[in-house]
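Observations on chain architecture
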Amino acid sequence: MATKNIVIIGNSAAGVSAVEGIRTKDRESKITIISDEQFLAYCRCLISNYLAGTIAEKDLVFRDKNFYSENKVELLLEKKAERVDTKKKRVYLEDKTVIPYDALLIATGASPKMPKDLKGINKRGVFGFRTIKDTKEILTIASISHTSCVLGGGLVGLKAAYGLHKRKQDVKVIVKSNRILSQIADKQASELFFARFEENGIEIMLNTDVSEIIGNGDLKAVKLDNGKVIGCSLVIVGKGVSPNTKLVLESDIKVDKGILVDDYQRTNINDVYAAGDVAETFDVTTEKYENNALWPCAVEQGRLAGSNIVGENVQYAGSLGMNSIEFFGLPLISMGIFDGEGETMSYLDKGKGIYKKIVIRQGRLIGAVFVGSIAKSGLYLRLIKEKADISKIKDDLLDENLNYAKIAELVKEEEKIYI
Amino acid sequence: MKKLYYDVSKCLACKSCELACAVGKSVAKELFKAINEEVKPQSCVDVKTTGGKNFPIACRHCKEHPCVSACIAGALSYDESKGRVIYNKDKCVGCWMCVMVCPYGAIRDNKELKIPIRCDLCADTDEPRCIKACPMGAIMFLEEEEFDKMLAEKKVNKKPV
């Protein structure tokens with residue numbers, strides 16, 4: 001097989017998994033990874049643990065130097081890819097270096113959405129929360145700060161709040177909407193978590209927005225839309241992320257919210273692939289193209305893109321929203337569509353802190369939420385992904401005894417182990 | 001690359017495998033000491049009954065291993081040469097992503113220890129403890145080819161009634 005010159009932009013879940021996908025088949029092709037960060041591949045989802053002090057910086061690394069040497073990868077750190085020319089097949093870096101490619105994988109991830117119109121957003125002490133660098137700067141200020149504000153009640157905002165709380169900060173979470181975790185939990189589940197945060201001394205202000213960030217250069221306070229002013233020296237913005245598509249906007253690569261890819265992670269341009277948080281893939285539950293910016297999706301997509309770059313023809317089963325998180329000992333797993341349309345079945349035991357909900361549409365499971373009791377949630381994910389007809393076991397679906405044997409006939413058996 | 005296989009026609013759901021497994025996961029590795037341990041050891045295998053048959057359910061060390069892809073902490077990896085999913089406790093943060101994606105529901109959350117309960121084929125010994133514990137010989141530790149051969153023979157021997 002002819003060797004290729006493969007260039008990967010991005011050194012996180014998708015980029016690294018792509019290397020693994022490539023090297024299962026092809027040991028020879030040249031691989032170059034370009035990353036604008038200064039660190040080896042690290043567990044981005046764990047920066048809140050790093051913030052909290054429960055994990056050391058060195059333990060965030062999930063692929064060390066050996067990975068790059070063993071896989072013969074040339075790693076270019078602290079280099080920002082600025083532009084892609086798909087006709088000349090070249091990547092242009094900010095430092096004017098030009099890198100030619102035969103095959104290109106764009107795995108540039110996403111960046112925190114910062115409310116550009118908010119007065120004072122550029123003051124020192126206001127951060128997004130995405131990288132080790134962000135976390136280090138936050139930690140420096142946290143060591144001299146007493147009060148911190150978090151804007152946004154989503155996963156990232158609350159993880160930041162949790163981490164800051166562990167660092168003995170007085171944390172106020174300011175949430176524009178009427179509930180927290182609205183992207184990953186239904187109303188009932190978010191109420192359970194709201195109570196858990198309040199019990200643990202993190203104040204959450206719902207239906208409240210920040211109207212101004214006050215200070216001369218350095219942040220001193222935030223002003224809320226109800227006129228109240230909170231003195232603080234640290235603000236973390238957790239208002240979602242947007243895909244890092246800037247480097248392709250002048251090219252002819254098709255971009256919607258993220259870079260659009262087909263079931264093989266190919267963009268509309270030959271030899272250009274995209275994977276991970278920057279990509280928009282077909283979602284099996286919404287049946288639309290979605291930007292499911294999730295670690296497991298990034299790993300799967302990256303691996304697949306890598307395999308397909310070296311001539312395998314592996315089709316992606318599609319992405320779907322799924323999240324697992326635990327705050328103050330209360331775990332949450334949610335997946336698919338769990339709000340709105342469809343027939344709903346649920347079980348709530350407030351005393352035990354257990355809540356389960358499933359959503360069914362036309363005899364098929366499309367979503368689920370589990371709080372407090374999360375064992376076997378993978379079975380539900382499987383039923384959703386495989387669009388299995390669950391009418392036969394509908395009444396058992398919320399039973400804690402649901403198990404693989406019960407659903408075995410409804411799903412595809414990959415590897416036989418029973419006789 | 002031996003894996004666990006189960007003859008469900010023999011399994012009585014006596015749960016001897018569960019007991020042996022839990023003891024194996026205890027600190028003392030002895031039943032009467034294990035029951036007094038502060039954090040009760042838990043079995044990785046879970047025997048469930050459905051349609052009149054009993055199914056021991058445990059991690060299969062799948063060739064596709066969604067738990068490894070989903071692990072946000074790099075605590076799970078796949079050893080191609082051994083055909084096993086390997087777990088590194090030092091890296092695990094108890095995020096339960098593996099629980100969320102296991103297609104067999106074979107990984108549970110140990111809430112006290114904040115670690116996944118998952119069959120490691122008794123990595124500390126030569127052979128999974130459940131095999132000797134099973135009084136019916138329903139649990140087998142075989143190469144994939146051996147099992148395939150067994151499946152094929154079973155089909156041939158099935159005489160029409």
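Residues numbered from 1 in each chain as written. Chains lettered and ligands numbered in written order. Predicted model: local features only at pLDDT ≥ 70, side-chain atom pairs only at ≥ 80, totals over all residues.

Considering the pairing of strand S4 (residues 76-79) of chain B
Our working rule: Strands qualify as paired when DSSP identifies two bridges or more between them. A run of H or I in DSSP becomes a helix once it reaches four residues, and a run of E becomes a strand once it reaches two; helices and strands are each numbered from the N terminus.
By the bridge criterion, four bridges tie S4(B) to strand S5 (residues 84-87) of chain B in an arrangement that is antiparallel. The residue of S5(B) that forms the bridge with B:Ser77 is B:Ile86.

Description of the interface of chain A and chain B
So the rule is basically this: A pair of residues counts as a contact when their C-beta atoms, built from backbone coordinates, are separated by no more than 7 Å. Classes in brief: Ala, Val, Leu, Ile, Met, Phe, Trp, Tyr, Cys and Pro nonpolar; Asp, Glu, Lys and Arg charged; the others, Gly included, polar.
Counting residues at the interface gives 34 residues for chain A and 36 residues for chain B. Mapped by element, the contributors of at least two residues to the side of chain A that touches chain B are helix H7 (295-309), strand S22 (322-327), strand S23 (330-336), helix H8 (377-385) and helix H9 (404-407) of chain A. Of all the elements, H8(A) adds the most residues to the side of chain A that touches chain B, at five residues. In terms of residue class, the side of chain A that touches chain B is made up of 20 nonpolar, five polar and nine charged.

Structural notes on the domain arrangement of chain A
It is common to give the size of an interface as the accessible area lost on bringing the parts into contact. Let me state the cut-off plainly: Where each domain begins and ends follows an automated or database-derived domain assignment.
Domain parsing of chain A yields domain 1 (5-111 + 241-309), domain 2 (126-237) and domain 3 (329-410). Domain 1 of chain A and domain 3 of chain A are separated by 33 Å when their C-alpha centres are compared.

Some thoughts on the nonpolar core
Nonpolar side chains tend to gather and get buried jointly when the protein is soluble and globular. For clarity, the threshold we go by: To define a nonpolar core, we join buried Ala, Val, Leu, Ile, Met, Phe, Trp, Tyr and Cys residues through C-beta atoms within 7 Å and take the resulting set. Here the C-beta atoms are placed from the backbone, and a residue counts as buried if at least 20 other C-beta atoms lie within 10 Å of its own, exposed if 12 or fewer do, and partly exposed otherwise.
With 166 residues, the main nonpolar core has A:Val235 and B:Cys98 as its most contacted residues. In contact with B:Cys98, other than residues within four places in its own chain, are B:Cys67, B:Ala70, B:Cys71, B:Leu76, B:Ile107 and B:Pro116.

Overview of unusual backbone geometry
The phi dihedral of A:Lys168 falls on the positive side, at around 65 degrees, and the residue is not glycine. Take A:Lys168: it is sitting in the loop between helix H5 (155-166) and strand S11 (170-174). Residue classification places A:Lys168 among the exposed residues on the basis of 10 C-beta atoms within 10 Å. If you check the backbone angles, B:Lys29 has positive phi at about 65 degrees while not being a glycine. Note that B:Lys29 resides in the loop between helix H1 (16-24) and helix H2 (31-34). By C-beta crowding, B:Lys29 is classed as partly exposed, having 14 other C-beta atoms within 10 Å.

Thoughts on the sheet that holds strand S20 (residues 279-282) of chain A
Residues and elements named next belong to chain A. In spatial order, the strands read S18-S20-S21; together these three strands make up an open sheet with mixed pairing. With partners counted over all chains shown, the strands left at the sheet margins are strand S18 (259-260) and strand S21 (289-290), one partner each. As paired strands, S20 and S21 are joined by two bridges and run antiparallel to one another. When the bridges of S21 are listed, Thr-281 appears paired with Glu-290.

Here's the deal with helix H1 (residues 13-23) of chain A
An α-helix turns once every 3.6 residues. As a result, residues three or four positions apart point the same way. All names here are of chain A. With nine of eleven residues buried, H1 lies mostly within the body of the structure. The set of residues buried in H1 consists of Ala-13, Ala-14, Gly-15, Val-16, Ser-17, Ala-18, Val-19, Gly-21 and Ile-22. The secondary structure elements touched by the buried residues of H1 are strand S1 (5-9), strand S2 (30-34), strand S3 (73-76), strand S7 (103-106) and H7.

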